[in-house]
Amino acid sequence: MRADRLVSLVLLLRQRGRMTAGELARELEVSTRTVLRDIEALSTASVPVYVDRGRRGGFSLLAGFRTELTGLNHDEALALLTAGSSRGEKVFGLSAPLASAMRKVVDALPEGHRANLDAAARRFLVEPQTDLLSRRLVSEEMADGVMSEVRHAVLTGHKLRFDYAAPGKPPRSHTVDPIGLVTVRDRTYLLAAKSCEDRTYRLSRMLTAEELREPAERPAQVDLDRIWAERSAQFLSENHIPVLVRVAPARRDELLNTARALRAEEPEADGWVRLDVTFEDLRHAVWAVWQVGTDAQVIAPDALREAISERAREIAALYRS
């Protein structure tokens, strides 16, 4: 208990700077006298804690003092920070650094804790390769070296050059200012700027990638949540077909899994759900709604209703004979 409190005390002083004994006592939920004893114990252990006396005084650490896990390198620390997010260690190419970092952390634990941790870890399974319906989860494939080059360019703030194969188009070379990486449903996207215009690229469509020496032109601070929300809204408004459809509740998720985006949803009196969704194009919409069969009814657009009706007539004619 005391060892944990001493570590917390050091981290508080490191992260917040000068703090009074009363402030430390409130944060650590102990008495002021206990804080003073802990400060003395840290000083005895050669931790450079200094006392600033006076009305605005308090305790502080020597400037530049750091507490580190010996041997934890940059990629390993980055892997630990992203491991709590949606399988960040895999989608950002950090599985090997994460495994190495966790070995170092586990090695630093007391023997008894190590055994308990191993037993506890066997009680959790995160994102297995198949779901309850035995459908295998397929992750996107990336060309060798693409992820590491893109990730490094994002972190160092250098320009990035890559060959990109958009659907139905020949590969083209792009040079961009990388802003950040985002992963959604096992798809990883690069948010970037090109000639001062916003661009979004899917990493699985990059054939090659090379970090350049030239610094990227980008803001010092970034809010990826805001940027992603803005680009998602723009994406939904361009080059997609909006569809209004009624669907049985049991098939709702199945239909949404094939849609590009859900724009609105509301229940109907008969228990069905009305969805306002978008698809890539008419062909994509026909295919998606056809999978759900009679458990979905398209309300609009008329072009989609006619296309589905025509397909039904063709199949009926085929099997009538």
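In this text, all values refer to a predicted model and were calculated from it rather than measured experimentally. (Residues numbered from 1 in each chain as written. Predicted model: local features only at pLDDT ≥ 70, side-chain atom pairs only at ≥ 80, totals over all residues. Heavy atoms only, no water.)

**Q** What is the right way to look at the overall build of the protein in this model?
**A** Looking only at helices and strands, the protein has 12 helices and 11 strands in total. Put simply, the protein has 321 residues, and 32% of those count as buried. Partitioning the intrachain contacts of the protein with sequence separation of at least 6 by distance along the chain shows that 56% fall at a separation of at least 24. (Helix = DSSP H or I, 4+ residues; strand = E, 2+ residues; numbered from the N terminus. Buried < 20%, exposed > 50% of the residue type's maximum accessible area, 1.4 Å probe, protein only. Contact = heavy atoms within 4.5 Å.)

**Q** Teacher, can you tell me more about the environment of Arg260 here?
**A** Looking at the secondary structure, you find Arg260 in the loop between helix 10 (252–258) and strand 9 (261–267). Counting along the chain gives 18 residues from Arg260 to Thr278, while the straight-line C-alpha distance between them is 5.4 Å. In this structure the side chain of Arg260 is engaged in a polar contact, spanning 2.2 Å, whose partner is the side chain of Glu280. (Polar contact = N/O pair within 3.5 Å; in protein donor to acceptor, adjacent residues only side chain to side chain.)

**Q** Sorry, what's going on with the pairing of strand 2 (residues 58–61) here?
**A** The side chains of a regular strand alternate between the sheet's two faces. Residues Gly58 and Ser60 of strand 2 are buried on one face, and the alternating residues Phe59 and Leu61, pointing to the opposite face, are buried as well. Relative to strand 2, strand 1 (residues 49–52) runs antiparallel, the two being bridged by four bridges. Counted as the bridge partner of Val51 is Phe59 from strand 2. (Pairing = 2+ DSSP bridges.)

**Q** When you look at the packing of aromatic side chains in this model, what are you seeing that I'm missing?
**A** Aromatic ring pairs are defined here through the distance separating the ring centres and the angle between the ring planes. Tallying each qualifying case throughout the model produces four aromatic pairs. Considering the side-chain rings of Phe162 and Tyr164, the 6.1 Å spacing of their centres and the 70° angle between planes classify their relative orientation as edge-to-face. The pair Phe162 / Tyr164 is uniform in exposure class, with both members buried. Look at Tyr189 and Trp228: their rings are 5.5 Å apart centre to centre, the planes differ by 45°, and that puts the pair in the tilted class. Taken together, the residues Tyr189 in strand 5 (residues 187–194) and Trp228 in helix 9 (residues 224–236) connect sequence positions 39 residues apart. Owing to a relative accessible area of 17%, Tyr189 belongs among the buried residues under this scheme. The partly exposed category is assigned to Trp228, whose relative accessible area is 24%. Aromatic rings pair up to connect Phe162, Tyr164 and Tyr201 into one cluster. Over the aromatic face of Trp290 sits the side chain of Arg311, whose NZ or CZ is 5.2 Å from the ring centroid. (Phe/Tyr/Trp six-rings, centres within 6.5 Å; stacked < 30°, edge-to-face > 60°. Lys NZ or Arg CZ within 6 Å of the ring centre and 35° of its normal.)

**Q** I would appreciate a short explanation of the sheet that holds strand 10 (residues 273–279) in the present structure.
**A** Remark on secondary structure: sheet strands pair via backbone hydrogen bonds, oriented parallel or antiparallel. On the basis of which strands lie adjacent, the open sheet formed by four strands has the order 9-10-8-11 and antiparallel pairing. Bordering the open sheet on either side are strand 9 and strand 11 (296–300), each of which pairs with just one other strand. The sheet shows a mean angle of 25° between the axes of neighbouring strands, taken without regard to direction. Alignment of strand 8 (residues 241–247) against strand 10, held across seven bridges, turns out to be antiparallel. Along strand 10, the bridge assignment pairs Leu244 with Asp276. Along the sheet face, helix 11 (residues 282–292) touches strand 8, strand 10 and strand 11 and points at about 10° away from the line of strand 8. In the packing of helix 12 (residues 302–320) onto the sheet, the strands contacted are strand 8 and strand 11, and the crossing angle to strand 11 comes to about 140°. (Axes fitted to C-alpha atoms, helices over the stretch in contact; angles between N-to-C directions.)

**Q** Help me understand the nonpolar core, please; the structure alone is not making it clear to me.
**A** Where a protein is soluble and globular, its nonpolar side chains tend to be buried together. Counting 20 residues, the largest nonpolar core has Val243, Val245, Leu255, Leu275, Val277 and Phe279 as its most contacted members. Listing elements by their share of this core, those giving two or more residues are strand 8, helix 10, strand 10, helix 11, strand 11 and helix 12. Among the elements that take part in this core, helix 11 stands out by supplying five residues, more than any other. If near-sequence neighbours (up to four positions away) are discounted, Phe279 is found in contact with His240, Ile241, Val243, Leu255, Thr258, Ala259, Arg260, His284, Ala285 and Ala288. (Core = buried A, V, L, I, M, F, W, Y, C linked by side-chain atoms within 4.5 Å.)

**Q** Sorry if this is basic, but what is going on with the sheet that holds strand 3 (residues 158–164) here?
**A** Strand order in the open sheet formed by five strands is 6-5-4-3-7, and the pairing between neighbours is antiparallel. If you trace the sheet from one side to the other, it starts and ends with strand 6 (197–202) and strand 7 (206–215), each paired once. The average angle at which neighbouring strand axes cross in this sheet is 45°, direction not considered. Those strands touched by helix 8 (residues 146–156) are strand 3, strand 4 (172–184), strand 5 and strand 7, and its axis lies near 25° from that of strand 7.

**Q** Please explain the environment of Arg205 as it appears in this structure.
**A** For Arg205, the position within the fold is in the loop between strand 6 and strand 7. Under the relative-accessibility criterion, Arg205 is labelled partly exposed at 26%. With 64 residues separating them in the primary sequence, Arg205 and Glu141 have C-alpha atoms 8.9 Å apart. Ignoring sequence-local partners within four residues, the contact set of Arg205 consists of Asp163, Tyr164, Ala165 and Pro167.

**Q** How should the packing of helix 11 against helix 12 be read in this particular structure?
**A** What describes two packed helices is the angle between their axes and the distance between those same axes. At a minimum axis distance of 10 Å, the contact between helix 11 and helix 12 shows a crossing angle of 60°. Considering the angle they form, helix 11 stands oblique to helix 12. Read as a crossing pair, helix 11 and helix 12 show a hand that is right-handed. Contacts between helix 11 and helix 12 involve Leu282, Ala285, Val286, Val289 and Trp290 from the former and Ala303, Leu304, Ala307, Ile308, Arg311, Ala312 and Ile315 from the latter. Of the residues assigned to the contact of helix 11 with helix 12, the class counts are 11 nonpolar, no polar and one charged. (Parallel < 35°, antiparallel > 145°, perpendicular 65-115°, else oblique. Left-handed = near helix turned anticlockwise from the far one by under 90°. Nonpolar A, V, L, I, M, F, W, Y, C, P; charged D, E, K, R; others polar.)

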